[in-house]
Amino acid sequence: MLKSLLGGFSTIGRHVIDGTWRLGYATRFFALLLLRSGLSFARFGLVVRKVYFSGVLSLIIILVSGLFVGMVLGLQGYETLVRYGSAEALGTLVALSLVRELGPVVAALLFASRAGSAITAEIGLMKATEQLSAMEVMAVDPIARVVGPHFWGAVISMPLLAALFSAVGVFGGWLIGVVLIGVDDGAFWSQMQAAVDFRHDILNGVIKSAVFGVAVAAIATFEGFDAPPTAEGVSGATTRTVVTSALAILALDFVLTAFMFTGQ
Amino acid sequence: MNRILMDLWVGIFVVAGIGAILVLALRVGNASATFDVADTYTVYGDFENIGGLKVRAPVKSAGVVVGRVANIQLNRQTYKARASLVIDKRYQFPADTSAAILTAGLLGEQYVGFDAGGDTESLKDGSVLQITQSAIVLERLISQFLFNKAAEGSADSKQPPETP
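Residues numbered from 1 in each chain as written. Chains lettered and ligands numbered in written order. Predicted model: local features only at pLDDT ≥ 70, side-chain atom pairs only at ≥ 80, totals over all residues. Heavy atoms only, no water.

**Things to note about the overall build of chain A**
So, step 1. A tally of regular secondary structure across chain A gives nine helices and zero strands.
So, step 2. Summarising its shape, the C-alpha atoms of chain A cover approximately 65 × 60 × 35 Å along the three principal directions.
So, step 3. With 264 residues in all, chain A has 47% of them scored as buried.
So, step 4. In chain A, once contacts between residues fewer than 6 apart in sequence are set aside, the share between residues at least 24 apart is 84%. (Helix = DSSP H or I, 4+ residues; strand = E, 2+ residues; numbered from the N terminus. Buried < 20%, exposed > 50% of the residue type's maximum accessible area, 1.4 Å probe, protein only. Contact = heavy atoms within 4.5 Å.)

Put into structure tokens, the structure is as follows:
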């Protein structure tokens, strides 16, 4: 009995120490990544290739999801608003919820599962097949040559993808609200324009998506770099990337929302 | 994949992303209204009570938006609220224009309404509005109404015994 209790305690202790150690290692990795990313920018072609892999190839899923999220918002929002006789406020509802919250958050979640997992798997496999060690032997810094471009490619892609998500979502809401249901076109846009502020809503949304991009990119590259060099290790790291990214996105979203949209 | 084709796609992607931000700014948001702030002049209005007036609330004349509330401060000498109103240069108002804080609809947001006067001179940058009307605070209105009713009631009940 006592032994199992002590065993439980020591398990907790081990987890805490492990977690703290990993956090420190991740911070050191992140600092090193930022320090050496000058080299990645010097060879910008590498970053452009990674923008292609994480940004352009995520376009389809982002655009289609954005369209459907906007359409669902249009349908559900109309159902609720029409009860209060203010169906014209549909544009405001769709645009504000997309630009402030859903655009950055859902795009970041999709991005983490579409591109973040791929980044982790690629870096993890390069480590497992000892390509990273081979680079070090050839005096090529793997952080500047492999990790940096992945990181900056994801950081550049994320705000653009979130903006596209929001824009397509607003179009989807317009499609359902105005074309299908028949809300007045002029009122839809003018009420939206009256309610959505450029600095307060749109710019804050872009800032949010940029923060999520940094978070997802940092988690994905770190998990790949830290993955145990086995098939199991890489698969575990990929799973951890998606789970940790999702949690980080939602937690950061709460913190950022509390800073940006309250207290005025 | 061909390197040039890849660069092309990345270019298209970046242009589309920046285009989406622009579409959001111009079509969804009111950036066009926020950006052309070059040609404006500022006038000040002292109000007894601004109620729920917020910074960035519109200034309307005859229902047309002519400016925005830029700043609200408490005047430490007079204990009145001083609102800075940024007005579009295209709209010139007579110097004796009056400002009132009104509410859009029953539950709508509050805005500043301008009523043009008849003066031949116009408001200039930095001038102070002479005639202002405060926001209507619903609680005060109700309590005033109740007091009046009570006063009337007591007057009515007192009146009959005194008259004979």
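Next comes the rest of the description.
**Considerations on unusual backbone geometry**
Most peptide bonds adopt trans geometry, and most residues besides glycine take a negative phi value.
So, step 1. Even without glycine at this site, Ala139 of chain A takes up a positive phi of about 60°.
So, step 2. Secondary-structure assignment places Ala139 of chain A in the loop between helix H5 (131-137) and helix H6 (142-181).
So, step 3. According to the relative accessible area criterion, Ala139 of chain A is exposed, its value standing at 71%.
So, step 4. Even without glycine at this site, Tyr79 of chain B takes up a positive phi of about 55°.
So, step 5. Note that Tyr79 of chain B resides in the loop between strand S3 (64-74) and strand S4 (81-88).
So, step 6. A residue is classified by how much of its surface remains accessible, and Tyr79 of chain B, at 61% relative accessible area, is exposed.

**Some words on the side chain of Ser209 of chain A**
So, step 1. You can see Ser209 of chain A is positioned in helix H8 (residues 198-226).
So, step 2. Setting aside residues no more than four positions away along its own chain, Ser209 of chain A makes contact with Pro104, Met158, Pro159 and Ala162 of chain A.

**Quick word on the interface of chain B and chain A**
The parts lose accessible area when they come together, and the size of an interface is often stated as this lost area.
So, step 1. Residue-level contacts link 24 residues of chain B with 28 residues of chain A.
So, step 2. Carbon and sulfur atoms make up 78% of the surface buried where chain B meets chain A, a total of about 2300 Å² over both sides.
So, step 3. It is Phe13, Leu24 and Val28 of chain B that lose the most area in chain B upon contact with chain A, and together they represent 29% of the buried surface on that side.
So, step 4. Summed over the shared surface of chain B and chain A, the number is zero salt bridges.
So, step 5. Broken down by secondary-structure element, the contributors of at least two residues to the side of chain B that touches chain A are helix H1 (3-28) and helix H2 (31-35) of chain B. (Buried area = accessible area lost by both parts, 1.4 Å probe. Salt bridge = Lys/Arg side-chain N within 4 Å of Asp/Glu carboxyl O.)

**Description of the sheet that holds strand S2 (residues 58-61) of chain B**
In a beta sheet, neighbouring strands pair by backbone hydrogen bonds and run either parallel or antiparallel.
All names here are of chain B.
So, step 1. Overall, mixed pairing links the eight strands, which are arranged S7-S1-S4-S3-S2-S6-S5-S8 in an open sheet. Sheet topology places strand S7 (128-129) and strand S8 (131-133) at the edges, where each strand pairs with a single neighbour.
So, step 2. Across eight bridges, the pairing between strand S1 (residues 40-47) and S4 is antiparallel. When the sheet's bridge partners are listed, Thr42 is paired in S4 with Val86. (Pairing = 2+ DSSP bridges.)

**Digging into the pattern of salt bridges**
Side chains that carry opposite charge are capable of pairing whenever their charged atoms lie near each other.
Residue and element names in this part refer to chain A.
So, step 1. One pass over the structure, following the stated rule, counts eleven salt bridges over all chains.
So, step 2. Put simply, Arg22 and Asp226 hold a salt bridge, and the shortest N to O gap is 2.2 Å. Taken together, the residues Arg22 in helix H1 (residues 2-42) and Asp226 in helix H8 connect sequence positions 204 residues apart.
So, step 3. Taking the relative accessible area as the measure of exposure, Asp226 reaches 16% and is therefore buried.
So, step 4. With a closest N to O distance of 2.9 Å, Lys208 and Glu101 form a salt bridge. Of this pair, Lys208 sits in helix H8 while Glu101 sits in helix H4 (residues 90-128), and the two are 107 residues apart along the sequence.
So, step 5. Residues joined by salt bridges that share partners form a network here, namely Arg22, Glu223, Asp226 and Arg240.

**Comments concerning the packing of aromatic side chains**
Residue and element names in this part refer to chain A.
So, step 1. Counted by the stated rule, this structure contains twelve aromatic pairs over all chains.
So, step 2. Ring centres of Phe29 and Phe225 lie 5.1 Å apart, and the angle between their planes is 35°; on these two criteria the pair is classed as tilted. Within this pair, whereas Phe29 is found in helix H1, its partner Phe225 is found in helix H8, the two being separated by 196 residues in sequence. Just as Phe29 is buried, Phe225 falls in that class too. (Phe/Tyr/Trp six-rings, centres within 6.5 Å; stacked < 30°, edge-to-face > 60°.)

**With respect to a nonpolar patch on the surface**
So, step 1. Together, Met1, Leu2, Leu5, Leu6, Phe9, Ile12 and Val16 of chain A give the surface a local cluster of nonpolar side chains, amounting to about 820 Å² of exposed area.
So, step 2. By secondary structure assignment, the location of Leu6 of chain A is in helix H1. (Patch = residues over 30% accessible without salt bridge, like charges linked within 9 Å, V, L, I, M, F, W, Y side chains within 5 Å. Areas by Shrake-Rupley, 256 points an atom, 1.4 Å probe, with all protein chains shown as cover.)

No statement about biological role is implied by the geometric values presented.
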